[in-house]
Amino acid sequence: MFPLVFLTAAFLAGIVCAGLIGAPLPNEYLLIAALVPLAALVLWWREPRGRWLFICGMLFLLGIARYQFAQSSSGDALTRYHGAAPVTLHGIVSAPPDVRDRATDVRVDVSRLKTSRGWTDASGTVLARLPRYEEFQYGDEVELSGVLHAPPVFGDFSYKDYLARQGVYSLMDRPRIARIASGQGNAFYAALFALRARAQVIIVQSLPEPQASLLSGILLGQDRGIPDETIEAFNRTGTSHIIAISGYNITILAGFLAALATLFVRRRQTWLFVSLGIAAYVVFVGASASVVRAGIMGIVYVTASAFGRRSTALNALVLSALLMALQSPFVLWDIGFELSFTATLGLIVLATPLTNAYKGWLSLRVSNELAREVILFATESLWVTVAATLATLPIIVYDFHRLSLISIPVNLLVLPAQPAIMLTGLLAIAAGFISPMLAQVVAWFAYPFLAWTTSVIEFAARIPFASIDIGRIPDAVVIAYYAALIALVAYFMQPKEKRASLRAALSRMKPLAPLTPLALVGVVVWIGAFATPDGNLHVSFLDVGQGDAALIQTPSGQVVVIDGGPSPTSLNDALGRALPFYQRDIALVVLTRASDDKLTGLVSVLERYNVAQVVAPEASRSNSSLRRWRELIAQKSIHEQAATAGVTFALGDGVQIEIENVGNDEEGLSVRVRYGAHSLYFDADGVQHNDVVESALVLKLGRHGDAKSVSTDWLQSLAPQFAVISIADKHEPAEQTLTRLSDAGVIVFRTDEHGTITFSSDGAQWWVETTR
């Protein structure tokens, strides 16, 4: 065990030292430095220590040389064109598009480049940032035109270095792009990526947000849909590792593949089947540094076991680090790799000594053997969590400048739910290939565990001083911390006795095992019962940033969405929180104007939900979001109602939605929601129609409350008691607008100050609730 650990440590230390030095060392300096280990070999060549000193010293120097070679060869032929005149590139999309909230990043391996002088051969990779709903796939042959530039550096985070570690040195924002051909990539990779895309669709169509994106992150490595607020809650509570795919996922996968192998291959070939399956899964989920590390460890362990060789977890861990550093020494600066490596190292080195020390302390204070076993069983996960936290704490504080004070208790609450999430999530995906309805039913059993995870983390994140800002800490503090931790481990490394208490405690719980499925069914049923309609009308103006979005829920549970805002992530999260987890049907979607601040989010609604009908104004201009919107309407055979003034949608329970005015492209639709004796009026973007004389209880202002959003005369005609302005933080409605509303005695609610604003009614009375 130890030779591999020391040899790898020497090589990695050389890489780190070269990175800290920065400037490359001349070759003659390296040759002179090599004299030191050579001298050790000559002086103590009969002593094993002398030989080991020589080998470690040479590996240290090889680490320096490997880093310097990688640094000297970084960059590609495209960098010389940064900031120059626009160029045209020809290449192949080399990875699945990275669909973000407001854009899509497409990675293109370039083969040719065209300037004013004509075409020339070129090599390199460019990251093209396209509009949100531009659809390109892995293997597409494309031509794109635009200006190349280097990735930026943001304060403490260097996006340039981050992409450089992945071999990308050039960006192109919003290029003109055309597809030349499809299917030009590797057929195996294409099949894997198509399978992942299908699994992603199954998840998002079966679960609400943020649970759908959380499950996608845990199983598929696709966490882009998780809202920033939820990500921040995970960070504040020290639980962001839950979203990332780790060694735990690989362990579950290896067990599943081993069981599956018995059906397809001979016993002697099981290790190869499992190893290939792990490798495919690593590619399937995106091959991030942490996943590659876990995959290598899994393959090493499976292979060693198959050939009867003793493979310790520590050996597998350091071998994975060695192989990854050989391939790219820059991986040592990847925060995902650092956290994954140190957390695993902490589990290997610290968990057992901590547990044994606790067991010894407990035996002195609890004499009853059964009581000791129960306490040990209840606290088993505590020391695993403590071990991982102790190992990663300096890196988290150093890189993120914050310290979570509640990380350990929150992890103890949510980690037990993760195995069930993986199992039910995988079953839901498998069911989705059979029937969407079956997938949704199976996903309901994943929902309680996902909801528990998000609820606990978001609640804990709101606790005062859950996380404190530390600021930048010196490198010496990190070094001193790890030195002290190593000393502590050495102190507790003593002979250990086998632990049979956990197996004994688990055996006593076997009679309760049949009750677990029944309890889970009960939880699902009760959650569904509490989420049923309450017999009231709810009209919610959603906080989705600088855009408009509203959700209407009728007394009997019909759902209407009016506009979607600019952010699919924000809208999906808001709908996931407001609607029952089983609600996948939407009766009506209303688009008041085909602008990005209203349409972009709605496209994802058509993708994820079963929409019965839509109504939208005619649009003379087209963009990627509008094209995707129309494509989904045709693809899903959604009934499209023509936007005509006077068209009314009866939703039952006395709720009606009426299209009151239809303007041009810049104006859009005005919509009135009627219930009982009152109505709510959604104004088109700042068009005060003179024929609108019927009063409204609530006025939803257009144009985000700018100076033209409302006039005094029109306000007097409409006579609202309340006004709602959808607006993002750091933006302000016009002072003239606020003055006019105030003079008319209108109570104003703003999404930037009040969050989501919900007006509810039982048909006679109305009340309002806000989330802030």
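These figures come from a predicted structure and were not determined experimentally.

**Comments concerning the sheet that holds strand β18 (residues 639-642)**
Remark on secondary structure: sheet strands pair via backbone hydrogen bonds, oriented parallel or antiparallel. Judged by pairing direction, the sheet is mixed, and its eight strands sit side by side in the order β18-β17-β16-β15-β14-β13-β26-β27 without closing on themselves. Unpaired on one side and paired on the other, β18 and β27 (766-770) mark the two borders of the sheet. Across the sheet, the axes of successive neighbouring strands diverge by a mean angle of 20°, strand direction being ignored. Helix α24 (residues 596-608) rests against β15 (559-564), β16 (585-590) and β17 (610-616) of the sheet, and its axis sits at about 140° to β15.

**Here we look at the sheet that holds strand β23 (residues 698-700)**
Taken in spatial order, the seven strands make up an open sheet running β19-β20-β21-β22-β23-β24-β25, and their pairing is mixed. Looking at strand neighbours, the two that pair on one side only are β19 (648-650) and β25 (747-750), the edges of this open sheet. Across this sheet, the average inter-strand angle for adjacent strands is 20°, counted without regard to direction. The pairing of strand β22 (residues 678-682) with β23 spans three bridges and is classified as parallel. Paired with Y681 across the bridge in β23 is L699.

**Digging into the packing of helix α6 (residues 187-206) against helix α7 (residues 211-220)**
Relative orientation of the contacting elements α6 and α7 amounts to 150°, with a least axis distance of 9 Å. When the axis of α6 is compared with that of α7, the two are roughly antiparallel. You can see that α6 and α7 cross each other, and the crossing is right-handed. Residue-level inspection shows R196, A199, Q200, I203 and V204 of α6 in contact with α7, the latter providing A212, L215, S216 and L220. Considering only residue class, the contact of α6 with α7 consists of six nonpolar, two polar and one charged.

**Some remarks on helix α25 (residues 624-635)**
Given a rise of 1.5 Å per residue, 12 residues ought to cover 16 Å, and the 16 Å separating the end C-alpha atoms of α25 matches this to within 8%. Within the span of α25, buried status applies to S624, S625, L626, R628, W629, L632 and I633. For α25, the elements touching its buried residues are β4 (118-131), β16, α24, β17 and β18. The N-cap of α25, judged by a side-chain oxygen 3.2 Å from the amide nitrogen of S625 a few residues on, is N623.

**Details of helix α11 (residues 289-306)**
Taking 1.5 Å per residue as the helical rise, α11 with its 18 residues ought to reach 26 Å, and the 26 Å between its terminal C-alpha atoms agrees with that figure. Taken residue by residue, α11 has A289, S290, V291, R293, A294, G295, I296, M297, G298, V300, V302 and A304 as its buried positions.

**Digging into the pattern of salt bridges**
All told, the structure shown has 17 salt bridges when counted by the stated rule. One continuous salt-bridge network, built from bridges that share partners, spans E658, E660, R672, R674 and E694.

**Some details on the packing of aromatic side chains**
Evaluated as defined, the whole model comprises 14 aromatic pairs. Summarising the aromatic geometry, the rings of F188 and Y189 are spaced 6.0 Å apart at their centres and angled 50° between planes, so their arrangement reads as tilted. Exposure remark for Y189: the relative accessible area of 34% places this residue in the partly exposed category. Taken together, a centroid distance of 6.1 Å and an interplanar angle of 85° make the contact between F541 and F759 edge-to-face. Residue F541 is located in strand β13 (residues 537-541), and its partner F759 is located in strand β26 (residues 757-761); the two are separated by 218 residues in the primary sequence. Owing to a relative accessible area of 2%, F759 belongs among the buried residues under this scheme. An aromatic cluster is defined as three or more aromatic residues linked by ring pairs; in this entry it consists of F541, F682, F722, F749 and F759. One Lys or Arg, R112, reaches over the ring of W119 and ends 4.5 Å from the middle of that ring. Across the ring face of Y609, the terminal group of R584 is positioned such that the distance to the ring centre comes to 4.4 Å.

The rules behind each value
- Residues numbered from 1 in each chain as written.
- Predicted model: local features only at pLDDT ≥ 70, side-chain atom pairs only at ≥ 80, totals over all residues.
- Heavy atoms only, no water.
- Pairing = 2+ DSSP bridges.
- Helix = DSSP H or I, 4+ residues; strand = E, 2+ residues; numbered from the N terminus.
- Axes fitted to C-alpha atoms, helices over the stretch in contact; angles between N-to-C directions.
- Contact = heavy atoms within 4.5 Å.
- Parallel < 35°, antiparallel > 145°, perpendicular 65-115°, else oblique.
- Left-handed = near helix turned anticlockwise from the far one by under 90°.
- Nonpolar A, V, L, I, M, F, W, Y, C, P; charged D, E, K, R; others polar.
- Expected span 1.5 Å × (residues − 1).
- Buried < 20%, exposed > 50% of the residue type's maximum accessible area, 1.4 Å probe, protein only.
- Polar contact = N/O pair within 3.5 Å; in protein donor to acceptor, adjacent residues only side chain to side chain.
- Salt bridge = Lys/Arg side-chain N within 4 Å of Asp/Glu carboxyl O.
- Phe/Tyr/Trp six-rings, centres within 6.5 Å; stacked < 30°, edge-to-face > 60°.
- Lys NZ or Arg CZ within 6 Å of the ring centre and 35° of its normal.

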